[in-house]
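# Residue-level structure breakdown
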Amino acid sequence: MSIEKIITVPDIGGFKDVAIIEVLVKPGDTVTAEESLITLESDKAAMEIPCPVSGTVKSMNVKLGDKVSQGSAILTLLMEESGGQPAEAKLSEAPSQPAPALDTAHQPATQPVLTAQPVPVTSLPLAMPEASPEDPSAKPHASPSVRRFARELGADLARVKASGPKGRVLKEDVQNYVKSRMQAPERPALGLNVPDASEVDFSQFGPIESRPLSRIQKLSGANLHRNWVTIPHVTLYEEADITDLETFRVSLKAEADKQNLRVTLLPFLVKAVVAALKAFPSFNASLAANGEELILKNYYHIGVAIDTPDGLVVPPLRNADTKGVFDLAKELADLGERARGKKLRIPELQGGTFTISSLGGIGGTGFTPIINAPEVAILGVSKAQTRAVYRDGQFVPRLMLPLSLSFDHRVIDGAGAARFCAYLAQALGDMRRVLL
Ligand code: CAO
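Residues numbered from 1 in each chain as written. Predicted model: local features only at pLDDT ≥ 70, side-chain atom pairs only at ≥ 80, totals over all residues. Heavy atoms only, no water.

## Some words on the overall build of the protein
Along its length, the protein carries eight helices and 22 strands. Across the 436 residues in the protein, those meeting the buried criterion constitute 41%. (Helix = DSSP H or I, 4+ residues; strand = E, 2+ residues; numbered from the N terminus. Buried < 20%, exposed > 50% of the residue type's maximum accessible area, 1.4 Å probe, protein only.)

Shown next as structure tokens:
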């Protein structure tokens, strides 16, 4: 046997005549305890009123837009009599006076009355901005049931166009949004929608052999791929006249031999790069993970790409600003030897602030180095060549060094990169400038 009970508005913090902005059930609906029945909204807060017990909605006492206060009858519920009172309900006998009147349909409560605790939805700002995809800071306003509904469908409420009062997102809005997304033509994902490389049986064309990639190749390959596709690279080319520097370098040979050192161009490049980084600090930096800050580093750990039989490794020359050319040459020789002998430890490969990738000892006239994230720039160096350079009205033979600077365009603009390269070329043209 079933009994009828009137569900009323519980204590809602003293608010009176609060508007019903959502009616979530209708006659005939089966509701379970804690299921939301209506949503109320004052000018300060929104809250859902849950059902204190389970049952079937017999009739509604309110409709959308009605105003209610504590004690207003919401609906009449049919409950199966179970002998005892439901544990979650606070049951009281019918009041001798009718429940406080609604400003619309009010029904005197002649049956037992149940109340439940309201569930706050959200504090509302004075003016509610309409949720807009253009303004990610605008928080969409929606009742918990609509939020739950959107969550179930995986719909981002911030992208749903709200049609409810004061910019509130309604269930229909979520439905319309999902419908429009389902009907939208499929778009390629950010231009990376490339077909998988098809597997080819090369042996059908001739003899082959298969060689597994080294561990370093696999690791660096994944990093290079990520950096290449996630960083907007631009490469700027420059030439430095290193005729005088080469004369100086060669003049150091006897002195270097005595120390059993081989002083190549690279240590000079490191010194010139440090000078340029000091003049242009945003090149010695990293983008913060939130993408909203640049972290400038006051230390200069210059990574050097080293070619090993197992692949590329990039150990940094730490605090290169504090070291002289001979010290750097010595450290480079040591790093190179240990890199090729697979003796470098992981910490020795970490902490770089800028990288130099030199192919100068091998060849090439220029290339596009891939930025070694989280750094923001990398200098590629190709083989210096003696060329006829037009100077002071005549062609003169000069040793010209090709430089290729790749930079992260999110952090550095083209003009900044051109200034950095011009500064670097000037420093290499006259190493005394490094002292300035
Ligand atoms: N132009 C002309 N000659 C150059 C030069 C340049 N830009 N750079 C170096 N040389 C000369 C050196 O002076 C040296 O000459 P000597 O034998 O007469 O002294 C010779 O070329 C060989 O130099 P090196 O390459 O052994 O030494 P280095 O200090 O210039 O470079 C290192 C050291 C570790 C960077 C290098 O051995 C190396 O591994 N380079 C490859 C880097 C690489 O693979 N980068 C990745 C590119 S993208 O994948």
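## Structural notes on helix 1 (residues 144-153)
Of all the positions in helix 1, only S145, V146, F149 and A150 are classed as buried. All buried residues of helix 1 project into a common sector of 135° when viewed along the axis, lining one side. Residues of helix 1 that are exposed and point more than 90 degrees away from the buried face comprise R151 and E152. Backbone geometry just after helix 1 places G154 at a positive phi near 70°. (Arc of directions from axis to C-beta.)

## Some words on the environment of K218
Note on placement: K218 falls in helix 3 (residues 215-230). Of the residues examined, K218 reaches a relative accessible area of 54% and is grouped as exposed. The spatial distance from the C-alpha of K218 to the C-alpha of G311 is 9.1 Å, given a sequence separation of 93 residues.

## Considering the site of the ligand
Surveying the vicinity of the ligand reveals 21 residues, the closest of which are R262, T264, D307, S357 and A384. One of the backbone N or O atoms of D307 is found 2.9 Å from an oxygen atom in the ligand. Contact distances for the ligand include 3.1 Å between a nitrogen atom and a backbone N or O atom of S358. Relative to its unbound accessible surface of 960 Å², the ligand loses 70% to contact with the protein. Counting only elements with at least two residues in the shell around the ligand, the list comes to helix 6 (265-279), strand 16 (306-308) and strand 19 (354-358). (Near = heavy atom within 4 Å. Polar contact = N/O pair within 3.5 Å; in protein donor to acceptor, adjacent residues only side chain to side chain. Areas by Shrake-Rupley, 256 points an atom, 1.4 Å probe, with all protein chains shown as cover.)

## Some words on the pairing of strand 19
For strand 19, the tally of buried residues reaches four of five residues, placing the bulk of the element in the interior. Where strand 15 (residues 302-304) lies against strand 19, three bridges are found, and the strand directions are parallel. Each bridged residue has a counterpart across the sheet, and for G303 the counterpart in strand 19 is T355. As judged from the four bridges shared by strand 19 and strand 20 (residues 377-381), these two strands associate in the parallel manner. Pairing of S358 across the sheet is with V381, part of strand 20. (Pairing = 2+ DSSP bridges.)

## Section: the packing of helix 6 against helix 8 (residues 414-429)
Between two packed helices, the angle of one axis relative to the other and the distance separating the axes together describe the packing. In the contact formed by helix 6 and helix 8, the axes pass within 9 Å of each other and the chain directions differ by 140°. In this view, helix 6 runs oblique relative to helix 8, as classed from their interaxial angle. Considering the relative orientation of helix 6 and helix 8, their crossing is right-handed. Of the residues in helix 8, those in contact with F268, L269, A272, V273, A275, A276, L277 and A279 of helix 6 are F420, Y423, L424, A427 and L428. (Axes fitted to C-alpha atoms, helices over the stretch in contact; angles between N-to-C directions. Parallel < 35°, antiparallel > 145°, perpendicular 65-115°, else oblique. Left-handed = near helix turned anticlockwise from the far one by under 90°. Contact = heavy atoms within 4.5 Å.)

## Remarks on the pairing of strand 21 (residues 385-391)
One ladder, built from seven bridges, connects strand 21 with strand 22 (residues 394-408); its direction is antiparallel. By the bridge assignment for strand 22, R391 is matched with Q394.

## Focus: the nonpolar core
Membership of the largest hydrophobic core comes to 56 residues, with the highest contact counts inside it found for L269, I302, F354, L405 and L428. Put simply, the parts of the chain that give this core at least two residues each are strand 12 (233-241), helix 6, strand 15, helix 7 (325-340), strand 19, strand 20, strand 22 and helix 8. The contacts of I302, once residues within four sequence positions are left out, are V270, V273, V274, L277, P315, P316, L317, A320, T353, F354 and I356. The next biggest cluster of nonpolar side chains, apart from the first, holds 21 residues, and it includes V9, I12, V25 and I38. (Core = buried A, V, L, I, M, F, W, Y, C linked by side-chain atoms within 4.5 Å.)

## Some details on the pattern of salt bridges
As enumerated under the stated definition, the model contains 17 salt bridges in all. Note that D29 and K26 form a salt bridge whose closest N and O atoms lie 3.3 Å from each other. A salt bridge links R345 to E348, with the nearest nitrogen and oxygen atoms 3.7 Å apart. In this structure, a network of salt bridges that share partners links the residues D241, D244, R391 and R398. (Salt bridge = Lys/Arg side-chain N within 4 Å of Asp/Glu carboxyl O.)

## Some thoughts on the packing of aromatic side chains
For the structure shown, the criterion picks out seven aromatic pairs. Between F280 and F283 the ring centres are 6.3 Å apart and the planes differ by 80°, which places this aromatic pair in the edge-to-face class. Under the relative-accessibility criterion, F283 is labelled buried at 2%. When the centroid spacing of 5.9 Å and the interplanar angle of 40° are considered together, the rings of F354 and F420 count as tilted. Of this pair, F354 sits in strand 19 while F420 sits in helix 8, placing them 66 residues apart in sequence. Of the residues examined, F354 reaches a relative accessible area of 0% and is grouped as buried. Looking at F420, the relative accessible area reads 0%, which means it is buried. (Phe/Tyr/Trp six-rings, centres within 6.5 Å; stacked < 30°, edge-to-face > 60°.)

## What to know about helix 2 (residues 171-183)
Residues spaced three or four apart along an α-helix face the same direction, because each turn holds 3.6 residues. The terminal C-alpha atoms of helix 2, which comprises 13 residues, lie 18 Å apart, in line with the 18 Å expected from a rise of 1.5 Å per residue. Residues of helix 2 that are buried include every one of D173, V174 and Y177, and no others. Seen from one end, helix 2 has its buried residues packed into an arc of 100°, which puts them on one side. Summarising the geometry of helix 2, the exposed residues directed more than 90 degrees from the buried face are K179, M182 and Q183. Here the buried face of helix 2 lies against helix 1. (Expected span 1.5 Å × (residues − 1).)

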